[in-house]
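Spelled out from the first residue to the last, the chains are:
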Amino acid sequence: MMDLYAAVIPQAPYIIGAYGLIWVGLLGFVYMVFGRIGRLEKELRVLEESIERRAKS
Amino acid sequence: MKRNPLAEIMLGLGGLLTTAAFFMAFFWAPGTSYPDGRVDFAQKIFYFHVPVAEASFLVFIFTAFYGIRFLMTRERIYDTKARIATEVTLFFVLLTMATGILWTRVEWGVWWQWEPRLTTYFILTLLVIAYFVLRNSVEDEEKRAVYASAFGILAFIDAPISFFITRWLNSIHPIVFGGGESSGLETSMLITFIVAQVGMLMLGYAFYQLRLREEELRERLEALKIEIGD
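Residues numbered from 1 in each chain as written. Chains lettered and ligands numbered in written order. Predicted model: local features only at pLDDT ≥ 70, side-chain atom pairs only at ≥ 80, totals over all residues. Heavy atoms only, no water.

Asker: Tell me what's going on with the overall build of chain B, and back it up with residues and numbers.
Answerer: Scanning chain B from N- to C-terminus turns up seven helices and two strands. Taken from N to C terminus, the helices and strands of chain B fall in the order α-β-β-α-α-α-α-α-α. Each of the three principal axes of chain B carries a C-alpha extent, and together these read 75 × 35 × 25 Å. For chain B, with 230 residues in total, the buried portion stands at 47%. Considering only residue pairs separated by 6 or more positions, chain B has 75% of its internal contacts joining residues 24 or more positions apart. Element-wise, carbon and sulfur atoms account for 65% of the exposed surface of chain B, whose accessible area totals about 11400 Å². Within chain B, the 23 negative side-chain charges are centred at a point lying 3 Å from the centre of the 20 positive side-chain charges. (Helix = DSSP H or I, 4+ residues; strand = E, 2+ residues; numbered from the N terminus. Buried < 20%, exposed > 50% of the residue type's maximum accessible area, 1.4 Å probe, protein only. Contact = heavy atoms within 4.5 Å. Areas by Shrake-Rupley, 256 points an atom, 1.4 Å probe, with all protein chains shown as cover. Lys, Arg positive; Asp, Glu negative; His and termini not counted. Charge placed at Lys NZ, Arg CZ, Asp CG, Glu CD.)

The structure is reproduced here in structure tokens:
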């Protein structure tokens, strides 16, 4: 057991770092793209409504 | 503007599979232990490092493919698709480099080693970055698309070289599959790897489609703004 701890403890920061980077990267990518898509959809809706109103008047 | 349900399904499934692979890697797949009793815990990085690397190679195929399509047809959409594929490639390339460097530090005791796989992958990283530098340095839209397509096709040549180089030249980088008697994985390790790999490819597809949808929305918005302006 001591051997296992002796191997795991020095390596742990690198493994945590690698998995942390991957998860932060993947979640960050999804979060940013969905955020931008949401903003664009909202802007598009506002613009389309304004064009519609213009056409009616 | 239509949503792409397949991309959303792939995103959900990819997320589930990669999460499952994470737990499988730590709670099911055994760690590698050497005859001298040394335990290789850093091997756990392999389950995600290799899938992101494979995803970077596979997504980069689309840069070359759409580059060729653009040069054949001169349709702008293919240039957009090639650019988005390269963006997703860059994302996976950076993750591969970061996880690889951490693994190298543990296993080889150094942050970097100029051996064939690392060197060719480093060149690939520079080529992918150079693709965007090139795009940003050309103002004319048509010329930019032509140069970027040609560059993307040429840059892609490094991907198979980087993939196969460990089989052609002496390299200290591990060859997990097809590397002779010492290569290969035991069943639980192989299943964990496959789950992570399939999940990562699903995420790669979803990321590409989501970015494409974002670009389509942006183009539609620009068109409407011009329409209102008129």
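Asker: Describe the overall build of chain A, naming the residues involved and giving the relevant values.
Answerer: Regarding its fold elements, chain A presents one helix and zero strands. Of all 57 residues assigned to chain A, the portion counted as buried reaches 30%.

Asker: So what's going on with a nonpolar patch on the surface? Residues and values would help.
Answerer: Residues and elements named next belong to chain B. Residues Leu154, Ile157, Ile161, Phe164, Trp168 and Leu169 make up a contiguous nonpolar surface patch of roughly 600 Å² in combined accessible area. Tallying contributions element by element places helix α6 (residues 158-168) first for the nonpolar patch, with three residues. In this fold, leucine 154 is placed in helix α5 (residues 141-156). (Patch = residues over 30% accessible without salt bridge, like charges linked within 9 Å, V, L, I, M, F, W, Y side chains within 5 Å. Salt bridge = Lys/Arg side-chain N within 4 Å of Asp/Glu carboxyl O.)

Asker: Can you lay out the interface of chain B and chain A for me, pointing to particular residues and giving the numbers?
Answerer: Taken together, the 37 residues of chain B in the interface contact 29 residues of chain A. Of all residues in chain B, the largest losses of buried area upon contact with chain A belong to Phe41, Leu221 and Ile228 of chain B, amounting jointly to 17% of the total for that side. Inspection of the region where chain B meets chain A yields four salt bridges. Measuring nitrogen to oxygen at the nearest pair gives 3.2 Å for the salt bridge that ties arginine 220 of chain B to glutamate 48 of chain A. (Buried area = accessible area lost by both parts, 1.4 Å probe.)

Asker: With reference to specific residues and values, describe the packing of aromatic side chains.
Answerer: All names here are of chain B. Tallied over the entire structure, the rule returns 30 aromatic pairs over all chains. Relative to phenylalanine 41, the ring of phenylalanine 26 has its centre 6.2 Å away and its plane inclined at 70°; by these criteria the two rings are edge-to-face. In this pair, phenylalanine 26 sits in helix α1 (residues 5-27) while phenylalanine 41 sits in the loop between β2 (39-40) and α2 (46-73), placing the two residues 15 residues apart along the sequence. The exposure class of phenylalanine 26 is partly exposed, given its relative accessible area of 26%. Aromatic side chains tyrosine 131 and phenylalanine 132 sit 5.2 Å apart centroid to centroid with 85° between the ring planes, which places their arrangement in the edge-to-face category. Taken as a pair, tyrosine 131 and phenylalanine 132 share a single burial class, namely buried. (Phe/Tyr/Trp six-rings, centres within 6.5 Å; stacked < 30°, edge-to-face > 60°.)

Asker: Could you give me a rundown of helix α4 (residues 116-137) of chain B, with the residues and numbers involved?
Answerer: Residue and element names in this part refer to chain B. Here α4 contains 22 residues, and its C-alpha end-to-end distance of 31 Å stays within 8% of the 32 Å for a straight helix at 1.5 Å per residue. Among the residues making up α4, those that are buried are Pro116, Arg117, Leu118, Thr120, Tyr121, Leu124, Thr125, Val128, Tyr131, Phe132 and Arg135. Next to the buried residues of α4 lie α2, α3 (76-108), α5 and α6. The backbone nitrogen of arginine 117 has a side-chain oxygen 3.0 Å away, supplied by the residue at the start of α4, namely glutamate 115. (Expected span 1.5 Å × (residues − 1). Polar contact = N/O pair within 3.5 Å; in protein donor to acceptor, adjacent residues only side chain to side chain.)

Asker: Kindly report on the pattern of salt bridges, identifying the contributing residues and their values.
Answerer: Taken as a whole, this structure holds 15 salt bridges over all chains when the rule is applied. A salt bridge links glutamate 43 of chain A to lysine 225 of chain B; the shortest N-O distance between them is 3.4 Å. Placement of glutamate 43 of chain A in helix α1 (residues 2-56) and of lysine 225 of chain B in helix α7 (residues 187-229) is noted, with the two residues assigned to different chains. Look at glutamate 43 of chain A and you get partly exposed, because its relative accessible area is 37%. Sharing partners across several salt bridges, the network here consists of Arg36 of chain A together with Arg83, Glu87, Arg211, Glu214, Glu215 and Arg218 of chain B.

Asker: I'd like a description of the side chain of glutamine 209 of chain B, backed by residues and values.
Answerer: Mapped onto the elements of the fold, glutamine 209 of chain B is located in helix α7. Contacts of glutamine 209 of chain B, omitting those with residues within four sequence positions, involve Asn4 and Ala7 of chain B.

Asker: I'd like a description of the side chain of threonine 120 of chain B, backed by residues and values.
Answerer: All names here are of chain B. Residue position: threonine 120 is located in helix α4. A distance of 2.8 Å separates the side chain of threonine 120 from the backbone oxygen of proline 116, its partner in a polar contact. For threonine 120, the residues in contact, after removing those within four places along its chain, are Asp158, Ile161, Ser162 and Ile165.

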